[in-house]
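# Descriptive structure summary
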Amino acid sequence: MNQPSVKSNRKLILWLISGSVGMFGFGFALVPLYDVLCQQLGINGKTQSTATIYEPMTIDTSRTVTVEFIAQTQQNMPWKFTPEVNQIQVHPGELIRTNFNAKNLSLALTVGQAIPSVSPGQGAAYFHKTECFCFNQQLLEANADAQLPLIFYVDPDLPESISTLTLSYTLYNITDKGYVGAVEQGAAK
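Residues numbered from 1 in each chain as written. Predicted model: local features only at pLDDT ≥ 70, side-chain atom pairs only at ≥ 80, totals over all residues. Heavy atoms only, no water.

## With respect to the pairing of strand β1 (residues 65-73)
- The pairing of β1 with strand β3 (residues 87-90) spans four bridges and is antiparallel. What sits directly across from T66, in β3, is Q89.
- Inspection of the sheet shows β1 paired to strand β9 (residues 164-173) by eight bridges, in the parallel sense. Bridge assignment links F69 to a residue of β9, and that residue is L167. (Pairing = 2+ DSSP bridges. Helix = DSSP H or I, 4+ residues; strand = E, 2+ residues; numbered from the N terminus.)

## Topic: the nonpolar core
- Grouped together as the largest cluster of nonpolar side chains are 29 residues, with contacts concentrated most on F152 and Y169.
- Among the secondary structure elements, those contributing two or more residues to this core are β1, β2 (79-83), β3, β4 (96-104), β5 (110-119), β6 (127-132), β8 (145-154) and β9.
- Excluding its chain neighbours within four sequence positions, the residues that come into contact with F152 are V67, F69, V90, E94, L95, I96, T98, F127, H128, K129 and T130. (Core = buried A, V, L, I, M, F, W, Y, C linked by side-chain atoms within 4.5 Å. Buried < 20%, exposed > 50% of the residue type's maximum accessible area, 1.4 Å probe, protein only. Contact = heavy atoms within 4.5 Å.)

## Remarks on the state of the cysteines
- Summed over the entire model, instances satisfying the criterion amount to one disulfide.
- Residue C132 pairs covalently with C134 via a disulfide, S to S 2.5 Å. Residues C132 and C134 share a disulfide whose torsion about the S-S bond is about 130 degrees; that sign makes it right-handed. Here the two residues C132 and C134 agree in accessibility, since each one is buried. (Disulfide = S-S within 2.5 Å.)

## Observations concerning unusual backbone geometry
- A cis amide bond links S119 with the next residue in sequence, P120, at an omega value of -5 degrees.
- Considering the arrangement of structural elements, one finds P120 in the loop between β5 and β6.
- The phi torsion at N143 lies on the positive side, around 60 degrees, for a residue other than glycine.
- Tracing the sequence through the fold places N143 in the loop between β7 (138-140) and β8.

## Re the sheet that holds β6
- Pairing in this open sheet of four strands is antiparallel, and the strands run β2-β4-β8-β6 from one edge to the other. The open sheet is flanked by β2 and β6, the only strands paired with a single partner. Recorded for the sheet is a direction-independent mean angle of 25 degrees between the axes of neighbouring strands.
- The pairing of β4 with β8 spans eight bridges and is antiparallel. From the neighbouring strand, N99 faces β8, where its bridge partner is P149. (Axes fitted to C-alpha atoms, helices over the stretch in contact; angles between N-to-C directions.)

If you want it as structure tokens, here you go:
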């Protein structure tokens, strides 16, 4: 082999390795970049993951917003999970309390985690939860049931073009993630 083709092959290999490393790095950074972009633009319907403190404000009684509730479970989640009401009429700024109902249909202790989303996505920035079962894992003994509280308000700055917000929860079974053992050990002490 002559010297120019060996140099050319080495250069090509270095470019290919650099390209692969660059693509891997971009793929690795894509999820956090997506989350930041969605948060800044108020899209994707992600709600806050911690409680908001409600400060008394002027309630806009001239306007009514419909808040719809949807509950669904992951395929392997052995719970019945439903909203107490399917929809509520609220005035922006008004503090509202409602519940979701959960029943463990299995014969074993099960741990669930609810993940919320709001539709339309732009409305997520104006939907504030002061208390939500989604902030914590939910533990239910076999055949037990529970009322899971949700306290929220809709920000009075919600754009006039949005008259309906849909809050959807998907409940995931996280029992096999090691949470039950930690809870049982804590309860035994």
